[in-house]
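Structural description and commentary
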Amino acid sequence: MVVPWHGLEFPSFFSNTSNTSSLIVQILIFFLAFLAAHSFRPERSAKVLAMKAIRIHEHGGLDKLVFEDVPVPLIGPNDVLVGVKATSINHLDIWVRQGLPGVTFPLPMIPGVDAAGIVADVGSEVRHVRSGDRVVVAQGISCGHCKQCLNGQDNLCKDYRLIGEHRDGGDAEYISVPSRNILALPEKVSFESAAATALVFLTAWQMLVDRANVKPGEDVLIHGAGSGVGSAGIQIAGMMGARVIATTGSDAKAAKALELGADDVINYRSQNVLSEVRRLTEKKGVDVVFDHVGVAVWEESIKALSKGGRLVTCGATSGYEAKTDLRYVFYKQLQILGSTMGKKGDLQTILKLIERGILKPVIDRVLPLAQAREGHRIVEAGEQFGKIVLIP
Ligand SMILES: [Zn+2]
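This text gives an overview of the structure that appears in the document. (Residues numbered from 1 in each chain as written. Predicted model: local features only at pLDDT ≥ 70, side-chain atom pairs only at ≥ 80, totals over all residues.)

In terms of regular secondary structure, the protein is built from twelve helices and 17 strands. Within the protein, the proportion of its 392 residues that are buried is 44%. Of the contacts formed within the protein by residues at least 6 apart in sequence, a portion of 66% connects residues at least 24 apart. (Helix = DSSP H or I, 4+ residues; strand = E, 2+ residues; numbered from the N terminus. Buried ≥ 20, exposed ≤ 12 C-beta atoms within 10 Å, placed from the backbone. Contact = placed C-beta atoms within 7 Å.)

Take a look at the structure:
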């Protein structure tokens, strides 16, 4: 007999009491059906077990980005499964793909430090979001109980890690992250904008607001206007009332930097950055240099600073073994400030400013996730102005 146990209709075994063995079988079937209906919670609402993702199995060139089927990540009681609607490429993804001397990445791994999407499932202890919510992922994973974490400086935690660097990232249809890394995404902010925001705006925010402590009226030199972090830096420094001098490598990008709010732009291919800074500041130099380029601009950056100036650095895409003439440092009483990521709470402030149109994530183009290699190629060649967003 057919037993449609998963519907409302259960076997009518009371009508057949004369056959004892049949009754036992029917009771057993009923019991198993009851267990199936009441004991087994679906693994996740979508019941999807496999997903498309970019994975890196070994370090190297663009061909090491493999678009393939992988299992959907599991969630623990305090985790959230996010259906990724947009991710974006950061320079960090290039390093993860190529590999870095002295750094061990957990291969094979899914890169992608940014992710925005819709909650697909939550662990049993998660209260602040539910399935269907629009969210953005904060990248930093920290222990949550050390002094720095308790003081809200989670990016100073000794166990600080990033999604897409030390564990699977957002270049996939789903990502599982601790619930404290999930922030509500305002209705007005698109998934693409959110994916283009989190890492670069948080990085630029800490550099300019917390570390360099930019004041209204100061002169700020922003290197690499066309990069994601540079385009964020121009806007944040401008919002703080600084006069923004940006550098970039083409006239087309220079025009875009001006549109974005830069007061002056220096084309480093056709102009001498140092003499232009001196001209624009009447020989004073800039109060703050915002750097993520490293060795290629380091010496001129030190020289471009005014007395009492601050150089804040978050990266070294051109190389990290820079030379510093210490005479400039002590004579001009300079400060060299390191910066990595930012406090997760500041991301809420940034999203609010984006919602209000005060800050604008800059998206160069949107590509399907399957074209991640092309996205990496563009970022590596520096052809973009703003962010390359990937859609799974
Ligand atoms: Zn900690």
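Every buried residue of helix H7 (residues 251-260) is listed here: Lys 253, Ala 254, Lys 256, Ala 257 and Leu 260. Along the axis of H7, the buried positions cluster into a sector of 165 degrees, meaning they face one direction only. The exposed set on the far side of H7, more than 90 degrees from its buried face, consists of Asp 251, Ala 252 and Glu 259. Each element contacted by the buried residues of H7 is listed here: helix H6 (228-239), strand E11 (243-248) and strand E12 (264-267). Just downstream of H7, Gly 261 is the residue with a positive phi angle, here 120 degrees. (Arc of directions from axis to C-beta.)

Before going further, it helps to spend a moment on the packing of helix H8 (residues 273-280) against helix H9 (residues 295-304). Axis separation between H8 and H9 bottoms out at 9 Å; the angle between their running directions is 20 degrees. Between H8 and H9, the interaxial angle falls into the category roughly parallel. Classified by chirality, the crossing of H9 by H8 is right-handed. Across the interface between the two elements, Val 273, Leu 274 and Val 277 of H8 pack against Glu 300, Lys 303 and Ala 304 of H9. Grouping the amino acids of the contact of H8 with H9 by side-chain chemistry returns four nonpolar, no polar and two charged. (Axes fitted to C-alpha atoms, helices over the stretch in contact; angles between N-to-C directions. Parallel < 35°, antiparallel > 145°, perpendicular 65-115°, else oblique. Left-handed = near helix turned anticlockwise from the far one by under 90°. Nonpolar A, V, L, I, M, F, W, Y, C, P; charged D, E, K, R; others polar.)

Across soluble globular proteins, you tend to see nonpolar side chains buried next to one another. Counting 101 residues, the largest nonpolar core has Val 82, Ala 116, Val 137 and Val 220 as its most contacted members. For this core, the element with the highest residue contribution is helix H5 (residues 198-211), accounting for nine residues. Both domain 2 (50-197 + 361-391) and domain 3 (201-338) contribute no fewer than three residues apiece to this core. In this view, Val 137 contacts Val 82, Ala 115, Ala 116, Ile 163, Gly 170, Ile 175, Val 177, Asn 181 and Ile 182; residues no more than four positions away in its chain are not counted. (Core = buried A, V, L, I, M, F, W, Y, C linked by C-beta atoms within 7 Å. Domains from an automatic or database assignment.)

Let us look at unusual backbone geometry. Cis rather than trans, the peptide bond between Leu 107 and Pro 108 has omega equal to -5 degrees. On the secondary structure map, Pro 108 appears in the loop between helix H2 (91-98) and strand E4 (116-122). The phi torsion at Asn 213 lies on the positive side, around 50 degrees, for a residue other than glycine. Topologically, Asn 213 is positioned in the loop between H5 and strand E10 (219-222). By C-beta crowding, Asn 213 is classed as partly exposed, having 14 other C-beta atoms within 10 Å. With a phi angle near 55 degrees, Gln 333 is a residue other than glycine that sits in the positive phi range.

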